[in-house]
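One letter stands for each residue in the lines below.
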Amino acid sequence: MSKLVTIFGGSGFVGRYIARRMAQEGWRVRVAVRNVNQATFVRPYGAVGQVEPVFCNIRDDASVAAVTMGAEVVINCVGVLAEVRKNTFAAVQADGATRIARIASEMGVARMVHISAIGAEQAAPSQYARTKAAGEAGVLAHMPGAVILRPSIVFGPEDQFFNRFAGMSRFGPILPVVGADTLFQPVYVDDVAAAAVKAALGQAPAGIYELGGPDVATFRALMQQMLEIVRRRRLILNIPFGMARAMAMGFGVARAVSLGIIKPPLTKDQVANLAIDNVVSDGAKTFADLGIHPTAMMAVLPDYLWRFRPSGQYDAIKESAGSMRR
């Protein structure tokens, strides 16, 4: 019988790529998620019955124990970019990660891989980053041999970064951003998955790895590249941090008054994150230590951002036809 891996958040953006790769390695994959019905798309990643979504609430010991039982490896991909009801940063990223590690240790799980984020520090200005650091500490307290991966901003067909801003570029001549001069080192989602699988297979020494792609650019430069790909000319407007904090506070009030119906496009915590460069730090373990060559953005972005062009898939054809007429 093939070995079993439990992937918490295995139907999410990063988790689905890890699930696919683990299935290709011949493992049985248990995809632990909150909503099983929305995760059925993972089943075709392997042979019949090889990849199965199962219910799990990482805020509950019994639930985590049930999906961990029998697993050789556990991989935690669960994280939140904004708090929603009981799924707070602390409950998910600190307590949840610690719970998974504690139960994995109690059940004798051989290895654990934990997906964190660059910038995870106890003294970080954002609660998101502080709880990521607390989660790492909890994981290492119970599974000292764990591999922790800290990616920069992750891009790929399902991302909420380039897709979001490319969608915004369709409306009006201005593209507003917060932290236009902040540096990012975007990393391709399948490269992160490759790193996680190496760790899961025991091919990576324990420790913390910071994962960034080959391109380092400011937020403004990334948006300029995106606009070139979608063939739109927009004015990139930097919103000062003071104004952004005031806007985020207003959005927070609107959300509270509407009892959560209004989803804030920007939060105070996100503003705090955007003020800090999101790049691999000097001396950190990286893709190089894992023998992985990260993928450049321009090798991937055009493959999924074309749908935001004025004429979508026909944009290149129209350009070619225009050249012929000239």
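Thresholds, definitions, all that
Residues numbered from 1 in each chain as written. Predicted model: local features only at pLDDT ≥ 70, side-chain atom pairs only at ≥ 80, totals over all residues. Heavy atoms only, no water. Buried < 20%, exposed > 50% of the residue type's maximum accessible area, 1.4 Å probe, protein only. Helix = DSSP H or I, 4+ residues; strand = E, 2+ residues; numbered from the N terminus. Patch = residues over 30% accessible without salt bridge, like charges linked within 9 Å, V, L, I, M, F, W, Y side chains within 5 Å. Areas by Shrake-Rupley, 256 points an atom, 1.4 Å probe, with all protein chains shown as cover. Salt bridge = Lys/Arg side-chain N within 4 Å of Asp/Glu carboxyl O. Disulfide = S-S within 2.5 Å. Contact = heavy atoms within 4.5 Å. Axes fitted to C-alpha atoms, helices over the stretch in contact; angles between N-to-C directions. Parallel < 35°, antiparallel > 145°, perpendicular 65-115°, else oblique. Phe/Tyr/Trp six-rings, centres within 6.5 Å; stacked < 30°, edge-to-face > 60°. Left-handed = near helix turned anticlockwise from the far one by under 90°. Core = buried A, V, L, I, M, F, W, Y, C linked by side-chain atoms within 4.5 Å.

Colleague: Provide a residue-level description of helix 1 (residues 13–24), including the pertinent values.
Modeller: The periodicity of an α-helix, 3.6 residues per turn, causes residues three or four positions apart to be oriented the same way. Burial within helix 1 is extensive, with nine of its twelve residues counted as buried. Listed in full, the buried residues belonging to helix 1 are Phe 13, Val 14, Gly 15, Arg 16, Tyr 17, Ile 18, Ala 19, Met 22 and Ala 23.

Colleague: How would you summarise a nonpolar patch on the surface if you had to cite specific residues and measurements?
Modeller: Judged by side-chain polarity, Ile 174, Leu 235 and Leu 237 come together as a nonpolar surface patch covering roughly 260 Å² of accessible area. Within the secondary structure, Leu 237 is located in strand 13 (residues 235–239). Overall, Leu 237 belongs to the partly exposed group, its relative accessible area being 40%.

Colleague: Now, about the state of the cysteines: what can you tell me, with residues and values included?
Modeller: Evaluated as defined, the whole model comprises zero disulfides. Between Cys 56, a free cysteine, and Cys 77, which holds the nearest cysteine sulfur, the sulfur-to-sulfur gap is 13 Å.

Colleague: Report on the side chain of Thr 6, specifying residues and quantitative values.
Modeller: Considering the arrangement of structural elements, one finds Thr 6 in strand 1 (residues 4–8). Not counting residues up to four positions away in its chain, the partners in contact with Thr 6 are Arg 30, Ala 32, Val 67, Thr 68, Ala 71, Val 73, Val 74 and Ile 75.

Colleague: Could you give me a rundown of the packing of helix 3 (residues 89–106) against helix 4 (residues 127–142), with the residues and numbers involved?
Modeller: It is at 8 Å that the axes of helix 3 and helix 4 come closest, and there the two elements cross at 10°. With respect to each other, helix 3 and helix 4 are oriented roughly parallel. Seen from helix 3, the contacting residues are Phe 89, Ala 90, Gln 93, Ala 94, Ala 97, Thr 98, Ala 101, Arg 102 and Ser 105; seen from helix 4, they are Gln 127, Tyr 128, Thr 131, Lys 132, Ala 134, Gly 135, Gly 138, Val 139 and His 142.

Colleague: Tell me about the environment of Phe 8, and name the residues and values.
Modeller: Tracing the sequence through the fold places Phe 8 in strand 1. Classification of Phe 8 by relative accessible area gives buried; the value is 1%. Separated by 168 residues in sequence, Phe 8 and Pro 176 place their C-alpha atoms 34 Å apart.

Colleague: Now, about the pattern of salt bridges: what can you tell me, with residues and values included?
Modeller: In the structure shown here, the tally under the stated rule is seven salt bridges. Residue Asp 190 pairs with Arg 21 through a salt bridge whose shortest N-O separation is 3.0 Å. Placement of Asp 190 in helix 6 (residues 189–200) and of Arg 21 in helix 1 is noted, with a sequence separation of 169 residues between them. Three or more residues are tied together by salt bridges with common partners; here these are Asp 61, Arg 99, Arg 102 and Glu 106.

Colleague: How would you explain the packing of aromatic side chains if you had to name every residue and give the values?
Modeller: In total, this model carries eleven aromatic pairs according to the counting rule given. Consider the rings of Phe 155 and Phe 162, whose centres lie 6.4 Å apart with planes at 85°: the pair is edge-to-face. Measuring from ring centre to ring centre gives 5.6 Å for Phe 184 and Phe 219, while their planes differ by 75°; the resulting arrangement is edge-to-face. Here Phe 219 lies in helix 7 (residues 219–230) and Phe 184 lies in strand 9 (residues 183–184), a separation of 35 residues in the sequence. Taken as a pair, Phe 184 and Phe 219 share a single burial class, namely buried.

Colleague: Could you give an account of unusual backbone geometry, naming the residues involved and the relevant values?
Modeller: A positive phi angle, near 50°, is found at Arg 85, a position not held by glycine. Following the sequence through the fold, Arg 85 ends up in the loop between strand 4 (73–76) and helix 3. Classification of Arg 85 by relative accessible area gives exposed; the value is 70%. Non-glycine residue Arg 231 carries a positive phi angle of around 60°.

Colleague: So, the packing of helix 2 (residues 61–68) against helix 3: which residues are in play, and what are the values?
Modeller: It is the contact of helix 2 with helix 3, at a shortest axis distance of 10 Å, that shows an interaxial angle of 50°. In terms of orientation, helix 2 and helix 3 fall into the oblique class. Pair helix 2 / helix 3 crosses with right-handed handedness. Residue-level contacts link Asp 61, Val 64, Ala 65 and Thr 68 of helix 2 to Arg 99, Ile 100, Arg 102, Ile 103 and Ala 104 of helix 3.

Colleague: Can you explain the nonpolar core? Please cite residues and give values.
Modeller: In this structure, Ile 18, Phe 162, Met 223, Met 226 and Leu 305 are the most contacted members of the largest nonpolar core, which totals 73 residues. Per-element accounting of this core gives the leading share, nine residues, to helix 6. The contact partners of Phe 162, leaving out residues within four places of it in the chain, are Phe 155, Leu 222, Met 223, Met 226, Met 297, Leu 301, Tyr 304 and Leu 305.

Distances and angles like these do not, on their own, reveal function.
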